[in-house]
Amino acid sequence: MSVKQIEISEVGPRDGLQSIASIMATEDKKRWIASMAAAGIREIEVGSFVPAKVLPQLADTAEIVRYARTIPGLTVAVLVPNLRGAQDALKAGAHKLTIPLSVSETHSLKNLRRTHEQVMEEVRGIRELLNQLPENERPSFEGSLSTCFGCTLEGPVSEEAVLRLGESLLKAGCDEVGLSDTTGYANPAQVRRLIRLIWENLGRDALNGIHLHNTRGQGLANVLAAVDEGITTVDSSMGGIGGCPFAPGASGNIVTEDLVFLLEAMGYSTGVDMSKLMEARKILAAALPDEPLYGFIPDAGLPKGFQYAGSESPVLA
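As a starting point, this report considers the structure included with it. (Residues numbered from 1 in each chain as written. Predicted model: local features only at pLDDT ≥ 70, side-chain atom pairs only at ≥ 80, totals over all residues. Heavy atoms only, no water.)

## Considering the overall build of the chain
The cut-off we apply is this: Comment: elements are numbered from the N terminus, with helices defined as DSSP H or I runs of at least four residues and strands as E runs of at least two. The reference for a compact globule is 2.2 Å times residues^0.38; the radius of gyration itself is calculated from the C-alpha atoms. Relative accessibility thresholds used throughout: buried, under 20% of the residue-type maximum; exposed, over 50%; partly exposed, between the two (1.4 Å probe, protein chains only). Residue contacts are counted whenever heavy atoms from the two residues lie within 4.5 Å of one another. Using the Shrake-Rupley algorithm and a 1.4 Å probe, accessible areas are obtained, with residue cover drawn only from the displayed protein chains. Here the positive residues are Lys and Arg and the negative ones are Asp and Glu; neither His nor the chain ends is included. Here the site of a charge means NZ on Lys, CZ on Arg, CG on Asp, or CD on Glu.
Across its full length, the chain holds 12 helices and eight strands. Relative to the compact-globule value of 20 Å for 317 residues, the chain shows a C-alpha radius of gyration of 18 Å, a close match. In the chain, buried positions account for 56% of the 317 residues. Long-range pairs, those at least 24 residues apart, make up 72% of the contacts in the chain with a sequence separation of at least 6. Approximately 13,400 Å² of the chain is accessible, and the part contributed by carbon and sulfur atoms is 50%. Computing the positive centroid from 29 side-chain charges and the negative centroid from 39, the chain places the two 2 Å apart.

## Re helix 9 (residues 219–229)
Listed in full, the buried residues belonging to helix 9 are Gly219, Asn222, Val223, Ala225, Ala226, Val227 and Glu229. Once helix 9 finishes, Gly230 follows within two positions and takes phi at roughly 125°, a positive value.

## Brief notes about the pairing of strand 1 (residues 7–10)
The condition that has to hold: Strand pairing is assigned whenever DSSP detects at least two bridges linking the two strands.
With four bridges joining them, strand 1 and strand 8 (residues 233–236) adopt parallel strand pairing. In the sheet register, Ile8 faces strand 8, and the bridge partner there is Val234. Bridge count for strand 1 against strand 2 (residues 43–48) is two bridges, and the pairing is parallel. Across the sheet, Glu10 pairs through a bridge with Ile44, a residue of strand 2.

## Some thoughts on the side chain of Asp28
Here Asp28 is to be found in helix 2 (residues 26–38). The residues contacting Asp28, other than those within four sequence positions of it, are Ile283 and Ala287.

## Let's talk about the sheet that holds strand 3 (residues 75–79)
This is how the line gets drawn: Note on geometry: axes are lines fitted to C-alpha atoms, helical ones only across the stretch in contact, with angles between N-to-C directions running from 0 to 180 degrees.
Taken in spatial order, the eight strands close into a barrel running 1-2-3-4-5-6-7-8, and their pairing is parallel. Shown here is a sheet whose adjacent strand axes are inclined to one another by a mean of 30°, direction ignored.

## Comments concerning the environment of Phe141
Along the polypeptide, Phe141 turns up in strand 5 (residues 140–146). Residues Phe141 and Leu97, 44 residues apart in the sequence, show an inter-C-alpha distance of 4.9 Å. Residue contacts for Phe141: discarding those within four places in its chain leaves Leu97, Ile99, Val123, Ile126, Arg127, Leu130, Gly173, Cys174, Asp175 and Glu176.

## Here's the deal with unusual backbone geometry
The phi dihedral of Thr147 is positive, around 50°, even though this residue is not glycine. Its place among the elements puts Thr147 in the loop between strand 5 and helix 7 (159–172). Thr147 sits in the buried class, given a relative accessible area of 0%.

Laid out in structure tokens, this is it:
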């Protein structure tokens, strides 16, 4: 019997660092990213191409991308807010570009200072830019449907709007869309419903990944709902750092360490070595001594007799 694979996309170096006051030194970022890759994390969102005056924590993203490109087997992902950001990302060599589109237009104006239609114009421009490259050299291009489960600024978000904007992103040039619980509003029933809505209307290949927060304690329950439905990529942040600086109260990324345990204990293979992951956490803790790190597994440890998915031998204490 084959073991189902779930890819963990680590977003701490972007979503985590952008939301805290401390600025991590560039060399520390490099050590942290290398350590996470050595632990088996195969995709890391290493930064965002936004002006340094907006997010000084991510001012070194181009250098970080170039460094991360040297790590064998690592998919180097970045967030780009517009065409200019995509141009910079291509120069640096990113493998994956994600542009956020907030279903809540109020949040879009706060986050990107752009209406929905203005974001679509940026998407069309990025697709035109990517099409100028040889097909085998084009980064993958995802449109993230932010605030798709609810918004701290507007409140409830229409599922029909999520579907309509998801379809618009694909028509404008995104390869796929992602669902993002920017504000920690989601519940498992809602997660299942939105995934089915996208797949039934836009196609199974339109959606593979989900970005969830644990702001209201629903993070891992929502992960369970998503992977049960068939989602194959889940975002998380080491130590649970981060959120969204442009959405009040949007704290609480899912803790990568706890996510690995959940999935492996359930029989999903992540390819991540927990002991090596803890070494990466030590690097993070040393680099950001004033920032709190979260997680149950780092405190409690693995239970006696724990086995990784597909393994016939328990982990030795």
